[in-house]
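# Fold and contact review
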Amino acid sequence: MKNTLLFVLIFITQFAFASSKKSVTLSVMTYNLENLFDTEHDLGKNDWTYLPLDFKNSSKEVQAYCSNVSNRYYQRNCFQLDWSEVVLEQKIQNLAKVITNVPGGRGADVIVFEEVENIHALRYLVKNGLKGLGYKYISLIEGPDSRGIDIGVIAKYPILSSKYHEINLRPYSTRTTRGILEVNIKVGKYKVAVFGNHWPSQANPDETRIIVAKTLKNAAKRSRADLVLAMGDFNTSDDDELNGIKKHILPYFYDVESLARRQYKVSAKGTHCFRGNWESLDKIFILKNSLRAKRISIDLATFEIIKRDFMLRDSTWVDRETGDVTTYKNIPYRFNPETGQGYSDHLPVYVELRLR
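Here's what I pulled together on the structure shown here. (Residues numbered from 1 in each chain as written. Predicted model: local features only at pLDDT ≥ 70, side-chain atom pairs only at ≥ 80, totals over all residues. Heavy atoms only, no water.)

## Considering the packing of aromatic side chains
The cut-off we apply is this: Classification of ring pairs rests on two measures: the distance between centres of Phe, Tyr or Trp rings, Trp counted by its six-membered ring, which must be within 6.5 Å, and the angle between planes, read as stacked under 30 degrees, edge-to-face over 60 and tilted in between. By the criteria applied, helices consist of DSSP H or I runs no shorter than four residues and strands consist of E runs no shorter than two, each listed in order from the N terminus. When accessible area is computed with a 1.4 Å probe and restricted to protein chains, residues below 20% of their type maximum are described as buried, those above 50% as exposed, and intermediate ones as partly exposed.
Under the criterion given, the structure shown has ten aromatic pairs. Pairing Trp83 with Phe335 gives two aromatic rings, centres 6.1 Å apart and planes at 85°, and the pair type is edge-to-face. Residue Trp83 is found in the loop between helix H4 (72-80) and helix H5 (85-99), and its partner Phe335 is found in the loop between strand S15 (325-332) and strand S16 (349-355); the two are separated by 252 residues along the sequence. The residues Trp83 and Phe335 share a single accessibility class, namely buried. Ring centres of Phe253 and Phe285 lie 6.3 Å apart, and the angle between their planes is 70°; this geometry places the pair in the edge-to-face category. Of the two residues, Phe253 is situated in strand S9 (residues 253-255) and Phe285 in strand S12 (residues 282-287); the sequence distance between them amounts to 32 residues. The two residues Phe253 and Phe285 agree in class, both being buried. Put simply, the rings of Phe37, Tyr50, Trp83 and Phe335 touch in pairs and so form one group of aromatic residues.

Written as structure tokens, this is what we have:
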């Protein structure tokens, strides 16, 4: 088993540096943007918190909704947060600074985003934050999430088709959840299938993530693409009693971060920090069959959890029951609408592939 793994690592790494005039370098990224909402209400969605304050103050519907929010922190935001055009523009510019902070400074060729409200918000990001970088193709299919957050994909290569894989969490949950967005992209002579994911959070039973894992596995195995990628926020902890990634994904996919850590130093501890505990919730997986007997490879040396000093800050947490105060050092700098500073509570993940 160890010899087999060593062979795979050598193959992936050495083949990545093979030169060819016909080779194409494809860079990919996944990034949870943490609440990228536009400033308009979407019918049927509970997006009331992320609206301009003038509108919220004058809307009986908003006031009634906010009054019924049980959590005091979220209720305060619902009533008082001013998600104006100015705030949205600042959020966009901040995110763009992160997205372009990769080799070449022009963003990855294909990016999967999580927590985007709708196609309008995604287009706003491309037009106002990423203008001139070549993102001619975008995809977002509305899902049933109650707040309205979705998965979006932008690409510098033509998107051939998009498909939405719905998820039913019953009998383990009655909540609606984000589906899986499948986007097929033409890269040179290759067809690349990208599956965008945003699995149920840790507030949901492990069984709900098992359901999504099975859906992803089956959809990926049916793909006819030359290269199959699964990227996004998988919301899976290593200590999940029922770990859908270990049981249903890793037998068929390579975990790029895991392979990279075996050969190179990856400075970031993970992509998300909760009360001092770092975990890699955000992943890039590659279907193993994509690399077998094909001239496609992963350049593991390029793998990176994008972590720059400006994206981090110290954060203080107060236990509401005991009053104890804890300071966490250098964790992702969340966007603060009141100050216009910060980015997201997740760090993005980036890697390059060679297609020959």
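## Quick look at H5
One turn of the α-helix equals 3.6 residues, which is why residues spaced by three or four share an orientation. The condition is simple: Working rule for helices: expected span equals 1.5 Å times residues minus one.
Along its 15 residues, H5 runs 21 Å from first to last C-alpha, staying within 8% of the 21 Å computed at 1.5 Å per residue. By the burial criterion, the buried members of H5 are Val87, Leu88, Lys91, Ile92, Asn94, Leu95, Ala96, Val98 and Ile99.

## A short note on the nonpolar core
In plain terms, the rule: In this description, a nonpolar core means a group of buried Ala, Val, Leu, Ile, Met, Phe, Trp, Tyr and Cys residues linked to one another through side-chain atoms lying within 4.5 Å.
One finds Val28, Leu36, Phe113, Leu229, Ile298 and Leu353 to be the most contacted residues of the largest nonpolar core, which totals 79 residues. Here this core gets seven residues from one element, more than from any other, and that element is H5.

## Looking at empty space enclosed by the protein
Over the atoms rolls a probe the size of a water molecule, and its path tells where empty space is left. To keep it simple, the criterion reads: Put simply, the grid is 1 Å and covers the protein atoms alone, a cavity is a trapped set of points that fit a 1.4 Å probe, a pocket is an open set with protein on both sides within 12 Å along at least five of seven lines, and lining residues have an atom within 4 Å of a point. Grid points are joined across faces, edges and corners, and a volume is the space filled by probe spheres set on the points. Under this grouping Gly is polar, as are all residues other than the nonpolar Ala, Val, Leu, Ile, Met, Phe, Trp, Tyr, Cys and Pro and the charged Asp, Glu, Lys and Arg.
Per the counting criterion, the structure on display carries one cavity of 30 Å³ or more. Each pocket or cavity is described by its volume, and for the largest cavity that value is around 30 Å³. For the largest cavity, the full set of lining residues is Ile141, Asp150, Ile151, Tyr164, Arg178, Gly179 and Leu181. Of the residues contributing to the lining of the largest cavity, the split by class is four nonpolar, one polar and two charged.

## Thoughts on the sheet that holds strand S8 (residues 227-233)
Stated precisely, the cut-off is as follows: Only when DSSP finds a minimum of two bridges between them are two strands counted as paired. Fitting a line to C-alpha atoms yields each axis, with helices limited to the stretch in contact; the angle taken between N-to-C directions then spans 0 to 180 degrees. The contact rule is simple, with two residues in contact once any of their heavy atoms fall within 4.5 Å.
As summarised here, the arrangement of the six strands in space is S5-S6-S7-S8-S12-S9, forming an open sheet in which the pairing is mixed. Lying at the two open borders of the sheet, with one neighbouring strand each, are strand S5 (159-165) and S9. Between one strand axis and the next, the sheet turns by 20° as a mean value, whatever way the strands run. In this sheet, S8 lies alongside strand S7 (residues 190-198) in parallel orientation, the contact comprising seven bridges. Residue pairing for S8: Val194 is matched across the bridge by Leu229. Against the sheet, helix H7 (residues 206-222) engages S5, strand S6 (180-187), S7, S8, S9 and S12, with an angle of about 175° to S7.

## Considering the pattern of salt bridges
Any two side chains of opposite charge can pair, on the condition that their charged atoms come close. Stated precisely, the cut-off is as follows: The salt bridge criterion pairs a side-chain nitrogen of Lys or Arg with a carboxyl oxygen of Asp or Glu, the two atoms within 4 Å.
Under the definition given, this model contains twelve salt bridges. Lys283 is the salt-bridge partner of Asp255, the closest N and O atoms lying 3.0 Å from each other. Remark: Lys283 occurs in strand S12 and Asp255 occurs in strand S9; sequence separation between them is 28 residues. Accessibility expressed as a relative area gives 12% for Asp255, which makes it buried. Residue classification places Lys283 among the buried positions, given a relative accessible area of 12%. A salt bridge links Glu304 to Arg308; its shortest N-O distance comes to 2.6 Å. In this structure Glu304 comes out as partly exposed when scored by relative accessible area, which is 23%. Linked through salt bridges whose partners overlap, the residues forming this network are Asp255, Glu257, Arg261 and Lys283.

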